[in-house]
Amino acid sequence: MTADERPTLAVWKFASCDGCQLTLLDCEDELLAVAGAVRIARFTEMTKAVVEGPYDLSLVEGSITTAADAERILEVRRSSRRLVTIGACAAAGGIQALRNSVGSAAYAGVVYAHPEYISSLDTSTPISAHVEVDFELQGCPIDRHQLLEVIAAALAGRRPVVPVHSVCQECKGRGTVCLLVAGSTPCLGPVTRAGCGALCPSIGRGCFGCFGPSAGANTEALTGRLLASGMTPLDASRLFATFYSGAPAFAEQAAALAGRDAGAAGGCEDRP
Amino acid sequence: MTHGSARRRTVDVEGIARVEGEGSLHIDVHDGVVADVSLSIFEPPRFFEALLVGRRAAETPDITARICGICPVAYQMSACAAIEDACGTTVSEGIWDLRRLLYCGEWIESHALHIYLLHAPDFLGCADAVELAEHDRAVVERGLALKRTGNLVMETVGGRAIHPVNVRVGGFYSAPDPAAVAALAEPLRRALDAALATVEWVSGFDFPDFQADHRFVALHHPDRYPIESGRVGSSDGLDVSASGFADLVVEEHVARSTALHARLEGGLDYLTGPMARYALNAGRLPGVARQAAAAAGLGPVCTNPFKSIVVRAVELVFACHEALRLVEAYEPPDPPAAAVLPRAGEGTGATEAPRGLLFHRYRIDADGVIETARIVPPTSQNQRAIEADLRRVAQGSLDLPDDALAWRCEQAVRNHDPCISCAAHFLDVTVDR
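**Student:** Can you break down the interface of chain B and chain A residue by residue, with the values?
**Tutor:** Interface size is commonly expressed as the accessible surface area that is lost when the partners come together. In this complex, chain B contributes 51 residues to the contact, which on the side of chain A involves 53 residues. Counting residues per element, the ones that place at least two in the side of chain B that touches chain A are helix 1 (48–51), helix 2 (60–65), helix 4 (93–123), helix 5 (129–135) and helix 6 (137–158) of chain B. Counting residues per element, the side of chain B that touches chain A draws most heavily on helix 6 of chain B, which supplies six residues. Residue composition of the side of chain B that touches chain A, grouped by class: 26 nonpolar, ten polar and 15 charged.

Shown next, in the form of structure tokens:
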């Protein structure tokens with residue numbers, strides 16, 4: 001196969017930590033094979049070389065937080081045959097979506113001496129709010145085996161096979177005793193998408209939802225359970241409002257719980 | 001990329017490749033003199049210091065890890081140290097050793113990434129490591145294997161390599177299984193050999209003749225090479241606690257330069273990172289790393305930033321050796337975490353990220369809720385020093401054709417392994433065109 005016949009891969013970054021694109025470089029055993037199967041046409045973190053589009057596959061990391069990026073993603077879409085987002089920022093706005101409830105002006109004043117120098121949108125929004133997305137790979141960060149599956153599927157012209165069920169099933173699969181049932185440890189496993197291999201419960205830590213909501217997540221039922229185990233509404237709200245605070249299933253619970261806390265305790269009481 | 005008349009020449013690199021995050025550089029030359037240099041960041045700000053307010057202190061390791069996917073352990077360790085300082089928590093030696101082991105994993109991963117995938121291609125005239133592999137596949141595979149070993153250490157101790165899940169304020173959720181830790185010894189022995197070969201490899205590169213007279217700032221420790229703890233020292237005699245250092249650092253928000261610049265009180269610029277650590281701590285390196293440095297022709301202080309790749313390789317030897325030592329001495333800390341009792345107050349934590357000093361300072365209330373947060377990453381501290389290098393490198397390279405000049409300037413930026421994602425949590429960008 002000559003270089004020109006290989007499908008082209010482009011990697012794009014918006015507001016993010018770089019961790020999801022680093023996941024591609026973390027495929028140490030497969031990196032050179034991937035670079036043989038596809039032509040890495042644009043990947044600023046890895047190479048100076050830039051091949052002009054269009055690209056067969058674009059991997060997009062990060063959320064849209066500036067007017068310039070809202071324009072740039074349109075151009076990325078136009079130059080991409082297939083556009084796959086990688087990670088929580090691209091799929092749900094990321095941790096920086098916490099600004100969505102207060103606006104960036106309030107935040108800029110905390111961080112910057114001269115907030116007037118800052119040009120940032122009031123919201124951090126997912127890529128899918130701006131352009132059509134062919135597939136969203138979830139996780140904060142994404143799992144590298146799932147990333148390789150996504151690339152392989154794109155090359156084969158099929159849909160990636162990644163689970164949409166919950167972390168609970170992964171716990172059952174590896175024989176981890178349920179933290180929520182046995183120890184009353186707050187855990188988002190019942191409503192969080194699988195993919196990490198149920199890492200946190202395996203070390204005695206409750207899941208904190210870094211792969212986002214699972215399909216059909218019953219967050220309301222879980223909320224009842226969290227409160228019954230002694231968690232305050234505000235702490236339960238914080239648990240839902242972290243890396244997937246922009247995902248509707250988590251955002252609704254976070255907002256409802258924060259409201260309940262404000263109603264119950266005047267908004268300032270919070271004891272563990 | 002470059003353009004201009006005989007009297008005026010402008011060099012613009014609009015997307016600096018092979019750095020973490022997205023930045024650009026701009027150089028203006030008037031009448032053969034470099035008139036203006038700026039390293040700009042077009043990463044959008046993410047407002048971490050603001051979104052931390054009202055969160056629990058216990059959440060800081062997980063939340064601040066998301067500032068940077070390349071050095072999440074550095075963020076976790078500085079956050080833990082700061083909160084423990086605020087709460088007056090004493091953490092056992094066994095927990096500190098396990099933290100150091102985790103951190104060695106991040107140093108190995110990050111240094112191998114930078115040396116092999118980001119920096120070495122500059123010296124060999126390659127666009128990237130894939131092109132380098134076409135010439136010498138074995139050497140790239142050696143780099144990837146080293147990187148893999150760093151990730152393996154992080155996965156074993158931290159649960160996963162990017163944004164580890166096992167770290168908590170006070171220590172760890174659970175102590176890794178001794179058999180799993182013991183299984184790291186063999187890959188680490190191979191990594192140590194690969195790291196020694198790395199020093200030899202990079203020391204043979206052609207280095208531009210360039211000297212920079214930076215003020216070096218790094219942690220130092222009476223009996224060990226600094227990673228996860230220590231006081232802050234400098235090449236001009238500073239010796240203060242992390243908290244004392246945070247008091248000295250002044251950040252300026254300057255519209256023209258697009259960035260908050262960190263300087264020491266009195267307007268002093270400084271450089272953190274491998275060159276600074278080495279200059280202040282070379283005597284505390286283990287024999288194997290000292291010998292490798294000597295064989296590579298590295299004196300007690302390295303002042304050519306293009307040779308930072310050699311210093312980084314020596315630190316890679318150190319990190320592999322240190323990780324091996326910690327693995328062989330490992331006993332699971334019991335309990336795996338100290339109890340952390342919230343109290344109202346302020347705390348500061350400083351640790352050595354692979355690319356330089358990173359400090360956090362938090363004020364928390366009696367319930368352990370964050371009132372204020374301040375996070376100062378290495379790249380913001382280094383930005384003025386990087387620009388100073390750029391100015392002099394550009395001035396000394398004006399005889400190069402435009403493309404080569406731009407590449408040389410990019411390389412001068414990569415010398416310092418800047419992490420723009422880190423810096424961008426408080427950097428704004430107005431790109432001047």
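**Student:** Can you tell me about the sheet that holds strand 3 (residues 55–61) of chain A, naming the residues and giving the values?
**Tutor:** Residue and element names in this part refer to chain A. Ordered in space as 2-1-3-4-5, the five strands form an open sheet in which the pairing is parallel. The open sheet terminates on both sides in strands that have one partner only, identified here as strand 2 (39–43) and strand 5 (135–137). Across the sheet, the mean angle from the axis of one strand to that of its neighbour is 25°, orientation sign disregarded. Bridge analysis of strand 3 against strand 4 (residues 80–86) gives six bridges, and the strand direction is parallel. For Ser58, the partnering residue across the bridge sits in strand 4 and is Leu83.

**Student:** Residue-level account of the sheet that holds strand 9 (residues 239–240) of chain B, with values.
**Tutor:** All names here are of chain B. In spatial order, the strands read 7-8-9; together these three strands make up an open sheet with antiparallel pairing. For this open sheet the edge positions go to strand 7 (217–220) and strand 9, each flanked by a neighbour on one side alone. Looking at chain direction, strand 8 (residues 231–234) and strand 9 are connected through two bridges and run antiparallel. By the bridge assignment for strand 9, Val232 is matched with Val240. Contacting strand 7 and strand 8, helix 10 (residues 274–281) runs over the sheet at an angle of about 50° to strand 7.

**Student:** Got a sec to walk through the packing of helix 4 of chain B against helix 6 of chain B? Specific residues and values, please.
**Tutor:** Residue and element names in this part refer to chain B. Close contact between helix 4 and helix 6 brings their axes to 8 Å; oriented N to C, the two are set at 155°. One way to sum up the angle between helix 4 and helix 6 is to call them roughly antiparallel. For the element pair helix 4 and helix 6, the recorded crossing hand is left-handed. Partitioned by chemical class, the residues of the contact of helix 4 with helix 6 number 15 nonpolar, six polar and three charged.

**Student:** How would you explain the pairing of strand 13 (residues 356–364) of chain B if you had to name every residue and give the values?
**Tutor:** The side chains of a regular strand alternate between the sheet's two faces. Residue and element names in this part refer to chain B. Summarising burial for strand 13: eight of the nine residues are buried, a large majority. Across nine bridges, strand 12 (residues 345–353) lies against strand 13 in antiparallel orientation. Opposite Gly345, over in strand 13, you have Ile364 as the bridge partner. The sheet contact formed by strand 13 and strand 14 (residues 370–376) spans six bridges and is antiparallel. Looking at the pairing, Ile364 lines up with Ile370 of strand 14.

**Student:** Which residues make up the pairing of strand 12 of chain B, and what values go with them?
**Tutor:** Taken across its nine residues, strand 12 of chain B has seven buried, putting it largely inside the fold. A loop of two residues connects strand 12 of chain B with strand 13 of chain B, the two strands running antiparallel in sequence.

**Student:** Got a sec to walk through unusual backbone geometry? Specific residues and values, please.
**Tutor:** Note: most residues except glycine have negative phi, and most peptide bonds are trans. Residues and elements named next belong to chain A. Here the residue pair Cys140 and Pro141 is connected by a cis peptide bond, since its omega of 5° sits within 30 degrees of zero. At Ala198, a position not held by glycine, the phi torsion is positive, near 55°. Its place among the elements puts Ala198 in the loop between helix 8 (179–183) and helix 9 (199–202). The exposure class assigned to Ala198 is buried, which follows from the 22 C-beta atoms found within 10 Å.

Parameters at a glance
Residues numbered from 1 in each chain as written. Chains lettered and ligands numbered in written order. Predicted model: local features only at pLDDT ≥ 70, side-chain atom pairs only at ≥ 80, totals over all residues. Contact = placed C-beta atoms within 7 Å. Helix = DSSP H or I, 4+ residues; strand = E, 2+ residues; numbered from the N terminus. Nonpolar A, V, L, I, M, F, W, Y, C, P; charged D, E, K, R; others polar. Pairing = 2+ DSSP bridges. Axes fitted to C-alpha atoms, helices over the stretch in contact; angles between N-to-C directions. Parallel < 35°, antiparallel > 145°, perpendicular 65-115°, else oblique. Left-handed = near helix turned anticlockwise from the far one by under 90°. Buried ≥ 20, exposed ≤ 12 C-beta atoms within 10 Å, placed from the backbone.

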